[in-house]
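Structural description and commentary
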Amino acid sequence: MTVPSRLLQQCFQEARNSASDLIARCIDAAIASLQAAEKASKDVKQRDRLALAWWGLLQNKIHWGSSFPQHLHEAIEAAPEVQTSRPALLGESSLLSLVEEEAVNESLESARLVHSLLPAVEQQLTVLDALMSSVLNLPTVQPERNPMRPSVFVRALRETMAIVEQDPQMRGLWLRHMGEPLGRELQKLYERVSLILQRANVREAGYRVRLATEGGQSTRSGGLSTRSGGLSSRVGELGATSGGSGASHWHDINGPVSLPSRPSWAMADSLPPMPELARLNTHVDHEVFHEFLSQGGSHYDQPLTHDYYDQVSEELAAIEAFAAIPVLDESMILEQSTRYRDLPVVDRPAREVGTASQLSRKAWGEFAAAHERARVLMHLKQKAQRVAQAVGLDLVRTLVAQVASDPLLLAPVREAVVALEPALLRLALGNPRFFNEDNHPGRRLLEGVAQRSFKYNDEFSSEFEAFFLPVQKAFNDLNANGSSEPEPFAQVHSRLKAIWEEEDRQELLVQDPGLQSIRYAEERQALADQIAWDLSQRPDVDNAPGVILDFLYGPWALVIASAQLNDTASQADPGGYRKTVSNLLWSVKKEVTLKRPKELFAIIPGMLAKLHAGLEMLGKTREETKPFFDALMRLHQPVLGLRRARIRNDANNSDPVPLEAAAPEIPSSMSMELDETLPATAEQRKPRPKAQPWLGQRELEAAGFEDTLPTDYGELVEPARAVPTDSGIDADAEVIGLSEEESIDVNAAAILSGLREGDWVDLFSRREWLRAQLIWASSKGTLFMFVSRGGRPHSMTKRSCERLIANRLLRPIDAQGVVKKALKAMQKPDAASPSRPAESAAA
């Protein structure tokens, strides 16, 4: 067989370590059974044979104690190679594989032994088959692939016997009398192995469901009969994933399917019986929780009965018994937690966490073990005096399970909630409904940690570690405190908030310049739009060239607006930029300037200097503004040409030349270039408010436009401006392997319109996935600013956001109230129980 995983190796090691004691107890029971049969037999020959049989077992007990573990190890290692068409029941093919076709009688004894084992181990084997199939990465449950199925133990036992006993009939006699004790031993072993797998958060594989043609009953493919539940009641109470709720749990090929079968004790108008309330996992009905949280029902004030306390004692005894079951070592826990570390954060599957999970002892101390947390719960149930206290304890455990199953929370955060369960349970003993109080310190702490954790999307990042270590220490301190008062929770929350607020202050120093820049740009644009409208009402804009009005309504309105916003002296025309408008409009009136060229030549130098100064103040470079000044020069060309013509004429003639005669003719080749001299169209004369604010190069960089991949911030600047941009949407989509169909099958506009300031998203930027928060959106909803780790800004237009969303490069995170969502889910019909937490859908 292929080399098994470390988890499988631990299961095999558990079987091998137990094998010596297992065979010894089976031999003792078989000896007692043979001796009883000898005394009851009246046939002398039969009595002699029975005596010889038990004597042989007694002689081989010590030898088999050392050899059977090795035979079992070899049988388990070879088990996947021995497959049958009917794995649970031995047919002819499995018979031949067991006995190598040497002795038909012994084959029948082996088959009878396996058949006799099935009723005793069926419940435990059903769960183990499903867990083993999952560990082996099988799509559905395949019992014949379970390397620890009963036939493997029978094979090992037969081979152990064959070494010392050549008589097949004697070996058959031994097998017959060892069947019952072997069934009991396998039942216990299967429970322990299943618990090891469940503590490792292994999920059960699904069964295929088929309808039987006779009898009208549904059966599972594979030949095993169906029984609701999974492990024995005791193992189920320690967190088995298929246990004892009273409902039938079937599986189809896609996963578990619950057939609603409401327990008789969980009616809305009644409580579970007292012994049921005393169990580790009571499976309280959702309507009971709803009534309990709504403060309804005087029956919650009833005292608990002796039956309740007797059952609590039994539960505690069971917990102590299971405390000796081996747990995963730290290296295996680390291996499981880092299995998907190399995957992109958005592609990592949510690691299974529940109240039955074994956590890292290095991180969580004694409460890393599920049985330690269970022990605290049962001791508190032992101290409870009223029904409300018992139900309150169950509510806390169920809520912890619900939060632990939330895939939107990083696995370490969910593990922290599970680890905090003992401290939360102590609160419930004094205030059973504290989770229903929005301002209770316990609830506020849990919610605060959960909400803060949404700031991170990578549990392996140094930023998350810096956040999580103080939380881990605080939770451990609360568990060690042992208090049932809320004050320690309030103090811990205050300390953590102080740490977070200081971090936020530091990040604000980084993000504030960008945020202020983009807010200033929006305010400046709003004022510029108003100024542009005011300019359009001037009488001297009539017949002005379109290029001039475009300039005045666009860049120059921004210059005037910027000067007014920066003015601290309340001047009427700060910077004199409004006066320049009059000069500029007059200078392009050809019919006037040709008659008064001297005045034009007088104002041009100062006007040009003011125009350049204003545009540079705005952040525009000479290269960016060159197209406008080239157009302005062409508009002034008739007067400039007139001056040159008069100079030449004065040099050749003494008589002055009329102005009209001096004006140069415009070559037909320049007619296309001088279309800009045409008066503005009706549409050009009417300024339109800009959809989004204009930003200069420095403002773009401060706001994080250049840091966001992909970006289309070129639409925020003048078309003539050359803007360096990063690779586009298609390149980013290719990086993460998106197909064209995947990139468009989403209502991006609707998703974007649903975003609000404070919402979290996963953003693909600079070839990595970042967790970012929306901190600002323009009043028109056309510009957005996000901030990721360290206060790093990412700003983009509406069009860019929609393209990112459509290409799955920007993914909103549903970070609604975690505790509120869990409480709501608990009060629904499909609410999770601590042994089977509900699965929340990821956004």
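First things first, this report covers the structure right here in the doc.

The rules behind each value
Residues numbered from 1 in each chain as written. Predicted model: local features only at pLDDT ≥ 70, side-chain atom pairs only at ≥ 80, totals over all residues. Heavy atoms only, no water. Helix = DSSP H or I, 4+ residues; strand = E, 2+ residues; numbered from the N terminus. Pairing = 2+ DSSP bridges. Axes fitted to C-alpha atoms, helices over the stretch in contact; angles between N-to-C directions. Phe/Tyr/Trp six-rings, centres within 6.5 Å; stacked < 30°, edge-to-face > 60°. Buried < 20%, exposed > 50% of the residue type's maximum accessible area, 1.4 Å probe, protein only. Core = buried A, V, L, I, M, F, W, Y, C linked by side-chain atoms within 4.5 Å. Contact = heavy atoms within 4.5 Å. Bend = angle between axes of the 7 residues up to and from the residue. Polar contact = N/O pair within 3.5 Å; in protein donor to acceptor, adjacent residues only side chain to side chain.

**Some details on the environment of Arg-176**
Mapping Arg-176 onto the fold places it in helix H6 (residues 168-199). Distance in space between the C-alpha atoms of Arg-176 and Ser-116 is 9.3 Å, their sequence separation being 60 residues.

**Remarks on the sheet that holds strand E9 (residues 810-813)**
Read from one edge to the other, the open sheet built from five strands follows the order E8-E7-E6-E5-E9, with strand pairing classed as antiparallel. Of all the strands in the sheet, just strand E8 (792-797) and E9 have a single pairing partner and so form its edges. Within this sheet the neighbouring strands show an average axis-to-axis angle of 35 degrees, counted without direction. For strand E6 (residues 768-777) and strand E7 (residues 783-788), the ladder comprises four bridges, and the chain directions are antiparallel. Looking across to E7, one finds that Trp-776 is bridged to Met-785.

**Some words on the packing of aromatic side chains**
One pass over the full model with this rule turns up 17 aromatic pairs. Between the aromatic rings of Tyr-456 and Phe-467, the centroid separation amounts to 5.1 Å while the plane-to-plane angle is 25 degrees, which identifies the pairing as stacked. Of this pair, Tyr-456 sits in the loop between helix H17 (441-453) and helix H18 (462-481) while Phe-467 sits in helix H18, placing them eleven residues apart in sequence. In this structure, Tyr-456 and Phe-467 share a single accessibility class: buried. Pairing Phe-464 with Phe-467 gives two aromatic rings, centres 5.7 Å apart and planes at 50 degrees, and the pair type is tilted. Here the residue Phe-464 and the residue Phe-467 both occupy positions in helix H18, the gap between them amounting to three residues, near one helical turn. Just as Phe-464 is buried, Phe-467 falls in that class too. Put simply, the rings of Trp-364, Tyr-456, Phe-464, Phe-467, Phe-468 and Trp-500 pair up and form one aromatic cluster.

**Side note on unusual backbone geometry**
Despite not being glycine, Asn-543 has its phi angle at roughly 65 degrees, a positive value. Along the polypeptide, Asn-543 turns up in the loop between helix H19 (487-536) and helix H20 (546-566). Positioned with a positive phi, Ser-570 is a non-glycine residue whose angle comes to about 55 degrees. Along the chain, Ser-570 falls in the loop between H20 and helix H21 (577-587). You can call Ser-570 exposed: its relative accessible area is 71%.

**What to know about the pairing of E6**
Counting buried positions over the ten residues of E6 gives seven, a clear majority of the element. Where strand E5 (residues 760-765) and E6 come together, six bridges link them in antiparallel fashion. Paired with Leu-763 across the strands is Leu-770, a residue of E6. Connecting the antiparallel pair E5 and E6 is a turn made up of two residues, with Arg-766 showing a positive phi of about 55 degrees.

**So, the nonpolar core**
Membership of the largest hydrophobic core comes to 81 residues, with the highest contact counts inside it found for Tyr-308, Trp-364, Leu-399, Leu-424, Phe-435 and Phe-475. When residues in this core are grouped by element, the largest group, eleven residues, is from helix H14 (residues 387-404). Every residue in contact with Leu-424, bar those within four places of it in the chain, is listed here: Val-396, Val-400, Phe-434, Phe-435 and Phe-489. The next biggest cluster of nonpolar side chains, apart from the first, holds 58 residues, and it includes Leu-8, Trp-54, Met-132 and Val-202.

**Structural notes on H6**
If you look at H6, its biggest bend is around 50 degrees, right at Gly-179, and the proline Pro-181 turns up within four residues after that. Of all the 32 residues making up H6, 24 are buried; the element is thus mostly covered by neighbouring parts of the structure. Capping the start of H6 is the job of one residue whose side-chain oxygen sits 3.0 Å from the backbone nitrogen of Gln-169: Asp-167. Asn-201 sits one or two residues past H6 and shows a positive phi near 65 degrees.

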